[in-house]
Amino acid sequence: MSRVQTIIIDNDQPEQRLDRWMRKVFPQVKQGQIEKMCRKGDLRVDGGKAKSNTRVGPGTEIRIPPLPDTNVTYAKETTRVSEKDAQLMRDCVIYKDAHLIVINKPAGLPTQGGSNQTRHVDGLCVALQEDFAEKPRLVHRLDKDTSGVLVLARTPAMASKMTEAFRHRNTRKIYWALVAGVPTPYLGEIKYGLVKARGRGKGGEGEKMIAVHPREIDSTEGAKRAHTLYATLYRVASRASWVAMEPITGRTHQLRVHMAEIGHPIIGDGKYGGSGQENMGDGWGAQLGGIISKKLHLHARSLTFEHPVTRKSITVTAPLPEHMEHSWETFGWSEDIASVDPFEALHK
């Protein structure tokens, strides 16, 4: 066992949770041990008791109680990336500098690992590490079947700054989607709240988000407010539309639920846009049939943010994935005919 020690966090470290800092500095200590040390008051921050989620950062003084020996051999997790996957990640890069990397995430590739998910961006991004001490870090997420702009930070400090930017909504994201029917009015907003409904599986598999009318949000347990702007850009008669969306809030599955709730599910959305989905157009669900792909037609088209170092405004744009590009060609659309920012007037 080690002795009691006091550590002051260096200035080059990002702000983070106490338990995450502990696991990084003392990898032999498990989460349960950290929780126990906090409950007993043995693990202290700036002289006082702390919880595992207490935020710590540069200059914070942490008292560490005696810990298990650090010379014990622990299994070190290694990430092996095939040359094919490494090339995939390199081909996905659409912006890169000394601080950040932005990729165009392929549809179908999870952002992080999870149940039965062993191949994901978080693991494959080691292929983009280059000469840096650590692999790039995720600072936000995209659903598995959603493609488009995804930001990675090259250092812990940069990851902290970008995470804060997303948390405080100092970024602007515009998504493109193909939806059933034609949303009207052509430019509008959706303010249905969202609440999680547990799935039927033993472990809660299949859980979904359910829309809640704005006037019922406060009285619905667990409901959170959600706000989406949408613009109908082009349409195919009354059958389908090319829609741009800007999420003002960032709730789970927000865009998919909101479009389904107003009767225009996103094409290929098997979770929220089944054939039974009521539609304000001509009654279609989320499958158009014919040669249109059954994959989800939702794409994070662009991201605008202030660079944490240069303070310049940067907008990164991601080309459509192959299945959406094919649908666009089928309907006679091209990426360059749409307004870069259909919501510009609403932000003035």
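Residues numbered from 1 in each chain as written. Predicted model: local features only at pLDDT ≥ 70, side-chain atom pairs only at ≥ 80, totals over all residues. Heavy atoms only, no water.

As annotated in an unreviewed UniProt entry, the chain carries the name Pseudouridine synthase and is attributed to Celeribacter marinus. Within the UniProt record for the chain, the comment given under Function (unreviewed entry) is "Responsible for synthesis of pseudouridine from uracil." (UniProt positions renumbered as here; feature names shortened; annotations may be inferred.)

Engineer: I'm lost on the overall build of the chain in this one. Help?
Structural biologist: Along the chain, the regular secondary structure elements total seven helices and 18 strands. Element-wise, carbon and sulfur atoms account for 47% of the exposed surface of the chain, whose accessible area totals about 18,700 Å². (Helix = DSSP H or I, 4+ residues; strand = E, 2+ residues; numbered from the N terminus. Areas by Shrake-Rupley, 256 points an atom, 1.4 Å probe, with all protein chains shown as cover.)

Engineer: I tried to follow the packing of aromatic side chains on my own but got confused; where do I start?
Structural biologist: Two aromatic rings, taken as a pair, are described by how far apart their centres are and by the angle between their planes. Within this structure, the stated rule accounts for seven aromatic pairs. Relative to Trp333, the ring of Trp328 has its centre 5.4 Å away and its plane inclined at 80 degrees; by these criteria the two rings are edge-to-face. Note on accessibility: Trp328 and Trp333 belong to one class, buried. (Phe/Tyr/Trp six-rings, centres within 6.5 Å; stacked < 30°, edge-to-face > 60°. Buried < 20%, exposed > 50% of the residue type's maximum accessible area, 1.4 Å probe, protein only.)

Engineer: Help me understand the layout of surface pockets, please; the structure alone is not making it clear to me.
Structural biologist: Each pocket or cavity is described by its volume, and for the second largest pocket that value is around 220 Å³. Lining the second largest pocket are 15 residues, and of these Ile174, Ser302, Thr315, Val340 and Asp341 lie nearest its centre. When contributions to the lining of the second largest pocket are tallied by element, the ones reaching two or more residues are strand E11 (171-180), strand E17 (298-306) and strand E18 (313-317). Considering each element in turn, the lining of the second largest pocket owes the most residues, four residues, to E11. Looking at the lining of the second largest pocket residue by residue, the classes come out as four nonpolar, five polar and six charged. (1 Å grid on protein atoms, 1.4 Å probe; cavity = no way out; pocket = protein on both sides within 12 Å on 5 of 7 lines; lining within 4 Å. Points joined across faces, edges and corners; volume = space filled by probe spheres on them. Nonpolar A, V, L, I, M, F, W, Y, C, P; charged D, E, K, R; others polar.)

Engineer: Teacher, can you tell me more about the confidence of the model for the chain here?
Structural biologist: Low-pLDDT stretches of the model should not have their predicted coordinates read in fine detail. For the chain, per-residue confidence averages 86 on the pLDDT scale, and 89% of positions sit at 70 or higher. In the predicted structure, residues 70-78 sits below a pLDDT of 50 and forms three contacts with residues beyond four places in sequence or in another chain. With pLDDT under 50 throughout, residues 275-283 is counted as low confidence; its partners more than four residues away or in other chains account for 21 contacts. (pLDDT = per-residue confidence, 0-100. Contact = heavy atoms within 4.5 Å.)

Engineer: Before we go on, may I ask you to explain unusual backbone geometry in this structure?
Structural biologist: Only a minority of non-glycine residues have a phi that is not negative, and only a minority of peptide bonds are not trans. For the peptide bond that leads from Thr184 to Pro185, omega is 0 degrees, which places it in the cis range. Residue placement: Pro185 occurs in the loop between E11 and strand E12 (187-190). Phi is positive for Glu130, which is not a glycine, with a value near 55 degrees. Tracing the sequence through the fold places Glu130 in the loop between helix H4 (121-124) and strand E9 (137-138). In this structure, Arg169 takes a positive phi of about 60 degrees despite not being glycine.

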